[in-house]
Amino acid sequence: CELIDGVYHIYDADGLKEWASKQDVLTSSVIIENDIDMTEDWKPVGAGLDTGFSGDFDGNNKTVSNLHIDETSIGNVGFFAGLSQSAKVHDVTFSGAVVEGGSSSYSGVVAGNSLGIVENCRVNTSSVSGNYAGALVGNNSRQVNNCNVSNVEIDASYSGGGIAGVSYGKIEYCTVSGSDTKIIASGLSASAGGIVGQTSQESHISTSGRLLKCAVDGITVSGSWAGGIAGENGFGVVAQCVVTHSSILHDVTNASSCRIGGVVGYNSRGEIIASYSAFSIVGEGGLTSEAIGGIVGYNYSSAANVYGCYSTNVSLLGNVSGDEAGIGAIAGYNSSGHVISCYAVLPQGVTGITLIGKGTAAEHSVEVGESDYYSLINDVDEIKCEDGTVWNAEEI
């Protein structure tokens, strides 16, 4: 560990440990000079959002291998326990990491709890466990950009995601892939998503709750609210996201509130815009759920919108049970929400599934098997999000 012009240069695992012991560790700037193979267990840097790392951590496109953290008794678990508002962690790869948090923790390889910026980071062949668990961060309250995750195992007791367990911030241009990627949230009303378990919005922050331009491919997601992108979308916006060749299911024996969808499991008060799912499997033979949908399992309130979305060749498997049970190529159950300018193409040979399984009918949409695609854009109102973004069906 060498201090040059106010920046700590780190060359090996011993140097990383030495830097972590410095009095100014939380406010320092760092650059990693070599790939580093961790030789002993790591104790998270910092404690939380107010007492977390606030400097610049530049991975310099190097790889930190075999990070191991076992901290089941603290609230925030990761390489950094917490990232404060001015923190930035970027251009680093973590490979072979094992992060073990407790049943009440926020857990992630980069950080347990983050109010900073995480950018151009990669996590592969790693595992994370905790209450809120994500490959990058347990909680994202600010921004995650251009990050890639592959072949990870996420085991969350409440909410798990390929990027973040829960996000009140913005996630953009991130990907999660790999046939060995398994994101599991156990228990009733537990949320699992390919990108986030849950996304929502902080009041008075226009960019919060934004999940934009993300892609998921070839993964398995399991939770009682499970989606290829998000398990639950509450007050958030999921826009321009893609899910392909993935499997979305649950392992809950009480299926009365299990909501699974190709993009979002439970869209409680949010918006799903200009997104699609393709060649995925939602549900499985013999599995009973409450709602199964090619885009969203359960679209709830009058503030819940599905706009300009489509599903193609998505297999919707299993049975549904309950007063609001439904299987739909776009939405399994649409309560008082809005499904606008959507269409779906079922797998070859599959019949008997409509756009909306049960509930309020779709608007300006094309029913399965029909081909009047002009209705997708004819006399359709635009949607304006709180961050000022305007979506127009004709331009999607």
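Not measured: the values here are computed from a predicted model.

## Section: the environment of Tyr266
Then, in step 1: Tracing the sequence through the fold places Tyr266 in strand β33 (residues 264-267).
Then, in step 2: A relative accessible area of 10% places Tyr266 in the buried class.
Then, in step 3: Spatially, the C-alpha atoms of Tyr266 and Ala304 are 9.9 Å apart, while their sequence positions differ by 38 residues.
Then, in step 4: The residues contacting Tyr266, other than those within four sequence positions of it, are Trp225, Gly231, Glu232, Asn233, Arg259, Tyr298 and Tyr300.

## A few points about a negative patch on the surface
Then, in step 1: Judged by side-chain charge, Asp379, Asp381, Glu382, Glu394 and Glu395 come together as a negatively charged surface patch.
Then, in step 2: By the element assignment, Glu395 lies in the segment after β50 (390-391).

## Topic: the packing of aromatic side chains
Then, in step 1: Counting across every chain of the model gives 19 aromatic pairs.
Then, in step 2: Ring geometry for Trp19 versus Phe57: centroids 5.9 Å apart, planes at 50°, classification tilted. Highlighted residues: Trp19 in helix α1 (residues 13-20) and Phe57 in strand β5 (residues 56-65), separated in sequence by 38 residues. When sorted by exposure, Trp19 lands in the same class as Phe57, which is buried.
Then, in step 3: For the pair Tyr343 and Tyr373, a centre-to-centre distance of 5.3 Å together with 80° between the ring planes defines the contact as edge-to-face. In this pair, Tyr343 is assigned in strand β47 (residues 343-345) and Tyr373 in the loop between β48 (356-359) and β49 (383-384), connecting sequence segments 30 residues apart.
Then, in step 4: For Tyr343, a relative accessible area of 22% translates into the label partly exposed.
Then, in step 5: Tyr373 sits in the partly exposed class, given a relative accessible area of 38%.
Then, in step 6: An aromatic cluster of three or more residues is present, and its members are Trp19, Trp42, Phe53, Phe57, Phe79, Phe80 and Phe94.
Then, in step 7: The ring of Tyr298 is capped by Arg259, whose NZ or CZ atom sits 3.9 Å from the centre of that ring.

## Focus on α1
Then, in step 1: Residues Ala13, Gly15, Leu16 and Trp19 constitute the buried set of α1. Summarising the axial view, the buried residues of α1 lie within an arc of 160°, below the 170-degree limit, and thus occupy one face.
Then, in step 2: Against the buried residues of α1 lie β2 (7-10), β3 (29-32), β4 (36-37), β5 and β8 (80-83).

## Notes on the pairing of β33
Then, in step 1: Both strand β28 (residues 230-233) and β33 contribute to a ladder of 3 bridges, which runs parallel. Paired with Asn233 across the strands is Asn267, a residue of β33.

## Remarks on the sheet that holds strand β15 (residues 137-140)
Then, in step 1: Taken in spatial order, the 10 strands make up an open sheet running β8-β12-β15-β18-β23-β28-β33-β39-β45-β48, and their pairing is parallel. If you trace the sheet from one side to the other, it starts and ends with β8 and β48, each paired once. Each neighbouring strand pair of the sheet contributes to a mean axis angle of 10°, computed without reference to strand direction.
Then, in step 2: With 3 bridges joining them, strand β18 (residues 164-167) and strand β23 (residues 196-199) adopt parallel strand pairing. For Ser167, the partnering residue across the bridge sits in β23 and is Thr199.

## Digging into the side chain of Asn76
Then, in step 1: Its location among the elements puts Asn76 in strand β7 (residues 76-77).
Then, in step 2: Here Ala47 takes part through its backbone oxygen, which lies 2.9 Å from a polar atom of the side chain of Asn76.
Then, in step 3: A polar side-chain atom of Asn76 sits 3.3 Å from a polar atom in the side chain of Asn113.
Then, in step 4: When near neighbours in sequence (up to four residues on either side) are disregarded, Asn76 contacts Pro44, Ala47, Gly48, Ala81, Tyr106, Gly112 and Asn113.

## With respect to the environment of Trp391
Then, in step 1: Mapped onto the elements, Trp391 comes out in strand β50.
Then, in step 2: Those residues in contact with Trp391 that lie beyond four places of it in its chain are Ala239, Gln240, Ile273, Ala274, Tyr307, Glu382, Ile383, Cys385 and Ile396.

## Considerations on the pairing of strand β39 (residues 296-299)
Note on strand geometry: in a regular strand, side chains alternate between the two faces of the sheet.
Then, in step 1: Here 3 bridges tie β33 to β39, and the two strands are oriented parallel to one another. What sits directly across from Tyr266, in β39, is Tyr298.
Then, in step 2: Taken together, the 3 bridges between β39 and strand β45 (residues 331-334) define a ladder with parallel strand orientation. Bridging from a neighbouring strand, Asn299 pairs with Asn334 of β45.

## Points about the nonpolar core
Then, in step 1: Core analysis: the biggest nonpolar cluster contains 89 residues, and Trp19, Phe80, Leu136, Ile171, Ile195 and Ile229 have the highest contact counts within it.
Then, in step 2: Per-element tally for this core: the top contributor is strand β17 (residues 148-161), with 4 residues.
Then, in step 3: Within the second largest apolar cluster, 12 residues are counted, among which are Ile273, Tyr307, Ile340 and Trp391.

## Side note on the pattern of salt bridges
Then, in step 1: Enumeration according to the criterion identifies 6 salt bridges in this entry.
Then, in step 2: A salt bridge links Glu71 to Lys43; the nearest nitrogen and oxygen atoms lie 4.0 Å apart. Taken together, the residues Glu71 in strand β6 (residues 68-71) and Lys43 in the loop between β4 and β5 connect sequence positions 28 residues apart.
Then, in step 3: Owing to a relative accessible area of 16%, Glu71 belongs among the buried residues under this scheme.
Then, in step 4: With a relative accessible area of 59%, Lys43 lands in the exposed category.
Then, in step 5: Residues Arg259 and Glu290 are paired through a salt bridge, measuring 2.7 Å at the closest nitrogen-oxygen approach. Here Glu290 lies in the loop between β37 (288-289) and β38 (291-293) and Arg259 lies in strand β32 (residues 259-261), a separation of 31 residues in the sequence.

What counts, and where the lines are drawn
- Residues numbered from 1 in each chain as written.
- Predicted model: local features only at pLDDT ≥ 70, side-chain atom pairs only at ≥ 80, totals over all residues.
- Heavy atoms only, no water.
- Helix = DSSP H or I, 4+ residues; strand = E, 2+ residues; numbered from the N terminus.
- Buried < 20%, exposed > 50% of the residue type's maximum accessible area, 1.4 Å probe, protein only.
- Contact = heavy atoms within 4.5 Å.
- Patch = residues over 30% accessible without salt bridge, like charges linked within 9 Å, V, L, I, M, F, W, Y side chains within 5 Å.
- Areas by Shrake-Rupley, 256 points an atom, 1.4 Å probe, with all protein chains shown as cover.
- Salt bridge = Lys/Arg side-chain N within 4 Å of Asp/Glu carboxyl O.
- Lys, Arg positive; Asp, Glu negative; His and termini not counted.
- Charge placed at Lys NZ, Arg CZ, Asp CG, Glu CD.
- Phe/Tyr/Trp six-rings, centres within 6.5 Å; stacked < 30°, edge-to-face > 60°.
- Lys NZ or Arg CZ within 6 Å of the ring centre and 35° of its normal.
- Arc of directions from axis to C-beta.
- Pairing = 2+ DSSP bridges.
- Axes fitted to C-alpha atoms, helices over the stretch in contact; angles between N-to-C directions.
- Polar contact = N/O pair within 3.5 Å; in protein donor to acceptor, adjacent residues only side chain to side chain.
- Core = buried A, V, L, I, M, F, W, Y, C linked by side-chain atoms within 4.5 Å.

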